[in-house]
Amino acid sequence: MNTFKTASLGFQHLLAMYTGAAIVPLIVGGAIGLGPTELAYLVAIDLFMCGVATLLQVWTTCFTGVGLPVVLGCTFTAVGPMIAIGSSSGITAIYGALIASGIIVILISGFVGKLARFFPPVVLGSVVTIIGLSLIPVAINDIGGGMPGEPGFASMQNLALGGLTIGLILVLNRIGTVFTRAAAVLFAVLIGTGVAAFLGLVDFSPVREAGWFQMVQPFYFGMPTFDVSAILVMTLVAIISMIESTGVFLALSDITKKPIGSNELTKGYRAEGVATILGGIFNSFPYTTFSQNVGLVQLSGVKSRRVIFWTSGLLILLGFLPKVATFTTLIPKPVLGGAMLVMFGTVAASGIRILSQVDFAKNENLITIALSIGVGLGITANPAIVANMPEAVQLFTDSAIVAGSFTALLLNGFFRLVDRFRPAEVVADNRQVS
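Residues numbered from 1 in each chain as written. Predicted model: local features only at pLDDT ≥ 70, side-chain atom pairs only at ≥ 80, totals over all residues. Heavy atoms only, no water.

1. Structural notes on the overall build of the protein chain
- Secondary structure assignment for the protein chain yields 20 helices and 2 strands.
- Taking 22 Å as the expected radius of gyration for a compact globule of 434 residues, we find that the protein chain reaches 21 Å, a close match to that expectation.
- Overall size of the protein chain, expressed as C-alpha extent along the three principal axes, is 70 × 55 × 50 Å.
- Across the 434 residues in the protein chain, those meeting the buried criterion constitute 54%. (Helix = DSSP H or I, 4+ residues; strand = E, 2+ residues; numbered from the N terminus. Rg over C-alpha atoms; globule rule 2.2 N^0.38 Å. Buried < 20%, exposed > 50% of the residue type's maximum accessible area, 1.4 Å probe, protein only.)

Structure representation (structure tokens):
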């Protein structure tokens, strides 16, 4: 494979993951009140760190790297918790929690197999479903153009732009090529932004004013602060991410016909831990494998790691180009909301797929799913219900994702503990269809 073809395939992988990577800093930065300059830097450093995190996985050493053609980006699992931490304790607490959780990931990387038993499909599926469902209101608000009550909210123009973006994603997924299906969200966002610009809804002056080059800066938003509750929350997010990555690693191992064992998996987890620590230092995010790029590997049939090295290098290069990051921040909210609705809905659908492995004949599974999703969505619908909780507890309850996750973990642990102390025949009777 010549250099030009390898580079072009690497660029395809970049396009397939770009929107998923850039959307996280736009959501988190907007939610915690960052200004345009800070938001542009957050997008740039996220792209840079996506490249570094990908390089850590593809380039194998004695300590890190699963050695498979994987592309890494920020995990959507972290969006809600980071917003909750940033809103209650400040942005520096997010990065303190990332550094600490990254260290914990490295320390426990060899024991993830044992930790996975605490996250059976009933827990993992509930958590992933809550993540998708709890973030959908953010997408709906953006499709409307902001928040209810703001001028122009839910105007036909905004709804049309959001609908156009969704329609383009559906069309590209239905009739597109392998590449256009993988990058459908990006193409839909670009076309939607182009239509908005034609209508005079996009101001490109920030792009013209932005420089051509910038250096990444450690601790751009200030020195990290370390909050115990925030660290516990981000560690939970990291463990869930590691379990999800395991499935991706095994899938890629099968696709590439490259067997991997516990040693390779451990090095893969360590790479994610190192990337998360660097994310805390350079003020970006925790990183995990992107499944859309796995699909591109499978559909294209190109399994070379050289392609992903190019993807990594291009992502790192984009991190030094503020004009690209600034352009990303100009995507109109209705267009972004349309893309988010599809992406977050896909996350919820993935959770439902995981739940399909659950035995619904067992009442304890039904109760665990019902209460965890109920708690998560209940807090999403009425956050004031936990407003009077102690401050240390609120960090676990302000976020629907965290509250629902802990509910699922506690209920699953409770039912397992109860079953250990009950006669076998009682347990069997209790697991009959009621």
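On we go.
2. Quick notes on a nonpolar patch on the surface
- On the surface, Leu164, Ile191, Val195, Phe198, Leu199 and Leu201 cluster together to form a nonpolar patch covering roughly 540 Å² of accessible area.
- Broken down by element, the residue count for the nonpolar patch peaks at 3 residues, all from helix α9 (residues 184-198).
- You can see Leu199 is positioned in the loop between α9 and α10 (205-209). (Patch = residues over 30% accessible without salt bridge, like charges linked within 9 Å, V, L, I, M, F, W, Y side chains within 5 Å. Areas by Shrake-Rupley, 256 points an atom, 1.4 Å probe, with all protein chains shown as cover. Salt bridge = Lys/Arg side-chain N within 4 Å of Asp/Glu carboxyl O.)

3. Structural notes on the nonpolar core
- Counting residues in hydrophobic clusters, the biggest one holds 119 residues, and the most contacted among them are Val24, Met82 and Tyr287.
- Beyond its immediate stretch of four places on either side in the chain, Met82 contacts Val24, Val28, Cys74, Ile94, Met234, Phe285 and Pro286. (Core = buried A, V, L, I, M, F, W, Y, C linked by side-chain atoms within 4.5 Å. Contact = heavy atoms within 4.5 Å.)

4. Section: the state of the cysteines
- Scanning all chains against the criterion turns up 0 disulfides.
- Cys50 takes part in no disulfide bond, and the closest cysteine sulfur, belonging to Cys74, lies 7.6 Å away.
- Judged by relative accessible area, which is 0%, Cys74 ranks as buried. (Disulfide = S-S within 2.5 Å.)

5. Re the packing of helix α3 (residues 79-89) against helix α4 (residues 91-108)
- Following both chains from N to C, one finds α3 and α4 inclined at 130 degrees, their axes separated by 6 Å at the closest point. In terms of axis orientation, α3 runs oblique to α4. Only Ile91, Ala93 and Ile94 of α4 make contact with α3, whose side of the interface consists of Met82, Ile85, Gly86 and Ser89. (Axes fitted to C-alpha atoms, helices over the stretch in contact; angles between N-to-C directions. Parallel < 35°, antiparallel > 145°, perpendicular 65-115°, else oblique.)

6. Overview of helix α11 (residues 228-256)
- For α11, with 29 residues, the first-to-last C-alpha span of 41 Å sits near the 42 Å given by 1.5 Å per residue.
- Where burial is concerned, most of α11 is hidden: 22 out of the 29 residues are buried.
- Among the residues of α11, the N-terminal cap falls to Asp227, whose side-chain oxygen and the backbone nitrogen of Ser229 are separated by 3.1 Å.
- Downstream of α11 by one or two residues, Lys257 has phi in the positive range, about 60 degrees. (Expected span 1.5 Å × (residues − 1). Polar contact = N/O pair within 3.5 Å; in protein donor to acceptor, adjacent residues only side chain to side chain.)

7. Brief notes about the environment of Val386
- By the element assignment, Val386 lies in the loop between α17 (363-381) and α18 (391-397).
- Note on Val386: relative accessible area 8%, which makes it buried.

8. Digging into the environment of Gly413
- One can find Gly413 in helix α19 (residues 400-420).
- We classify Gly413 as partly exposed; its relative accessible area is 36%.
- Between the C-alpha atom of Gly413 and that of Phe119, which follows or precedes it by 294 residues, the distance is 9.9 Å.

9. Side note on the packing of aromatic side chains
- Counting across every chain of the model gives 10 aromatic pairs.
- Ring geometry for Phe48 against Phe320: centres 5.4 Å apart, planes inclined by 80 degrees, an arrangement best described as edge-to-face. Of this pair, Phe48 sits in helix α2 (residues 36-58) while Phe320 sits in the loop between α14 (305-318) and α15 (322-328), and the two are 272 residues apart along the sequence.
- With relative accessibility at 11%, the residue Phe48 sits in the buried group. (Phe/Tyr/Trp six-rings, centres within 6.5 Å; stacked < 30°, edge-to-face > 60°.)

10. Quick word on the confidence of the model for the protein chain
- Per-chain confidence: the protein chain averages 85 in pLDDT, with 93% of residues scoring 70 or above.
- Element-level mean pLDDT values for the protein chain span from 55 in helix α20 (residues 424-430) up to 95 in α4. (pLDDT = per-residue confidence, 0-100.)

11. Observations concerning α3
- Most of α3 is tucked away, with 8 of its 11 residues classed as buried.
- The set of residues buried in α3 consists of Val79, Gly80, Pro81, Met82, Ile83, Ala84, Ile85 and Gly86.
- Where α3 terminates, the next one or two residues include Gly90, which has phi positive at roughly 95 degrees.

12. What to know about unusual backbone geometry
- Although it is not a glycine, Ala154 sits at a positive phi angle of roughly 60 degrees.
- Structurally, the position occupied by Ala154 is in the loop between α6 (121-144) and α7 (156-175).
- Look at Ala154 and you get partly exposed, because its relative accessible area is 36%.
- Even without glycine at this site, Lys257 takes up a positive phi of about 60 degrees.
- Checked against the element boundaries, Lys257 lands in the loop between α11 and α12 (262-281).

13. Some thoughts on the side chain of Thr19
- Positionally, Thr19 belongs in helix α1 (residues 3-31).
- Owing to a relative accessible area of 9%, Thr19 belongs among the buried residues under this scheme.
- Excluding residues within four positions of it along the chain, Thr19 makes contact with Val185, Leu186, Val189 and Met343.

14. Regarding the side chain of Thr75
- Structurally, the position occupied by Thr75 is in the loop between β1 (72-74) and α3.
- Ignoring sequence-local partners within four residues, the contact set of Thr75 consists of Val237, Glu244, Pro286 and Thr288.

15. Looking at the packing of α7 against helix α16 (residues 333-355)
- Running from N to C, α7 and α16 point in directions that differ by 40 degrees, and their axes come no closer than 7 Å. Considered as vectors, α7 and α16 are oriented oblique to each other. α7 and α16 meet at a crossing whose hand is right-handed. Where α7 approaches α16, its residues Asn158, Leu161, Gly162, Thr165, Ile166 and Ile169 are matched on the opposing element by Pro334, Val335, Gly338, Ala339, Leu341 and Val342.
- Residue composition of the contact of α7 with α16, by class: 8 nonpolar, 4 polar and no charged. (Left-handed = near helix turned anticlockwise from the far one by under 90°. Nonpolar A, V, L, I, M, F, W, Y, C, P; charged D, E, K, R; others polar.)

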